[in-house]
Amino acid sequence: SGPGDIAIRLAQQRPAWHIDAVDFSEPMIALARIAIAQAGVRNVWLHHADAKQTKLAAGYDVIFCNSLLHHLPDPSALWKEVVRLGQTGAAVYVMDLVRPLTTGDAHCIVDTVAANEDPILREDFYNSLCAAFTIDEVAGQLRAATLDLRVTQVSDRHMLVSGLLTSPSL
């Protein structure tokens with residue numbers, strides 16, 4: 001869910017969709033609740049839950065996840081939840097940071113993207129970049145989870161995991 005930006009944009013573009021937005025942070029859910037009310041969308045439902053174990057019913061057509069992966073020391077539980085939640089053929093989009101090759105590269109990204117931000121935000125961004133996974137690490141996670149999804153670097157600091165869920169092999 002975060003502050004609700006993505007859910008609101010989807011809701012505005014797809015008013016017939018039922019959108020469940022999950023966040024573990026109560027303050028973030030509160031921000032999203034306000035933003036959703038201000039946007040006037042009525043097809044977003046907020047859930048205070050852990051994305052690694054949402055307790056939502058399975059059977060989703062689309063699963064989006066943004067900026068969560070780098071917060072997880074062991075993302076295998078997230079990949080299991082993606083499989084559990086999505087029906088066969090569900091579209092999966094997981095966007096996150098990608099770890100730069102060096103700490104110097106991480107500093108350059110922070111200096112370029114967040115030059116005028118508060119020092120605390122700059123430090124948090126730097127730490128997030130350093131905590132992120134590499135493309136190869138995420139590809140390994142997907143193999144271990146037997147997920148036939150592709151991972152690509154889409155900017156100097158972002159990766160996208162995407163594809164369709166396939167039925168489990170027998």
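The following paragraphs examine the structure supplied in this document. Quick caveat, the model's predicted, so the values are computed rather than measured.

Further remarks concern the nonpolar core. In this structure, Trp79, Val138, Leu142, Val151 and Val161 are the most contacted members of the largest nonpolar core, which totals 26 residues. Counting only elements with at least two residues in this core, the list comes to strand E3 (60-66), helix H3 (76-85), strand E4 (86-97), helix H6 (135-144) and strand E6 (158-164). The dominant element in this core, judged by the number of residues it contributes, is H3, at four residues. Residues contacting Leu142, with those up to four places away along its chain left out, are Trp79, Leu147, Leu149, Val151 and Val161. If you look at the next biggest cluster of nonpolar residues, it comprises ten residues, including Ala7, Ala11, Ala35 and Val41.

Let's shift gears to the packing of aromatic side chains. For the structure on display, the rule yields one aromatic pair. Centroid distance Phe64 to Tyr93: 5.4 Å. Interplanar angle 20°. Geometry classified as stacked. Separated by 29 residues along the polypeptide, Phe64 in strand E3 and Tyr93 in strand E4 bring together distant segments of the chain. Taking relative accessible area as the criterion, Tyr93 reaches 35% and is therefore assigned partly exposed. The lysine or arginine in question, Arg14, covers the ring of Trp17, its NZ or CZ lying 5.8 Å from the ring centre.

Right, let's get into the packing of helix H4 (residues 103-113) against helix H5 (residues 119-131). Helix packing geometry: the angle between the two helix axes and the distance between the axes. Running from N to C, H4 and H5 cross one another at 140°; their axes reach a closest spacing of 9 Å. With respect to their mutual orientation, H4 and H5 come out oblique. The way H4 lies across H5 gives a crossing that is right-handed. On H5, the residues that touch Thr103, Ala106, His107, Ile109, Val110, Asp111 and Val113 of H4 are Arg122, Phe125, Tyr126, Leu129 and Cys130. Here the residues of the contact of H4 with H5 are counted per class, giving eight nonpolar, two polar and two charged.

How each quantity is defined
- Residues numbered from 1 in each chain as written.
- Predicted model: local features only at pLDDT ≥ 70, side-chain atom pairs only at ≥ 80, totals over all residues.
- Heavy atoms only, no water.
- Core = buried A, V, L, I, M, F, W, Y, C linked by side-chain atoms within 4.5 Å.
- Buried < 20%, exposed > 50% of the residue type's maximum accessible area, 1.4 Å probe, protein only.
- Helix = DSSP H or I, 4+ residues; strand = E, 2+ residues; numbered from the N terminus.
- Contact = heavy atoms within 4.5 Å.
- Phe/Tyr/Trp six-rings, centres within 6.5 Å; stacked < 30°, edge-to-face > 60°.
- Lys NZ or Arg CZ within 6 Å of the ring centre and 35° of its normal.
- Axes fitted to C-alpha atoms, helices over the stretch in contact; angles between N-to-C directions.
- Parallel < 35°, antiparallel > 145°, perpendicular 65-115°, else oblique.
- Left-handed = near helix turned anticlockwise from the far one by under 90°.
- Nonpolar A, V, L, I, M, F, W, Y, C, P; charged D, E, K, R; others polar.

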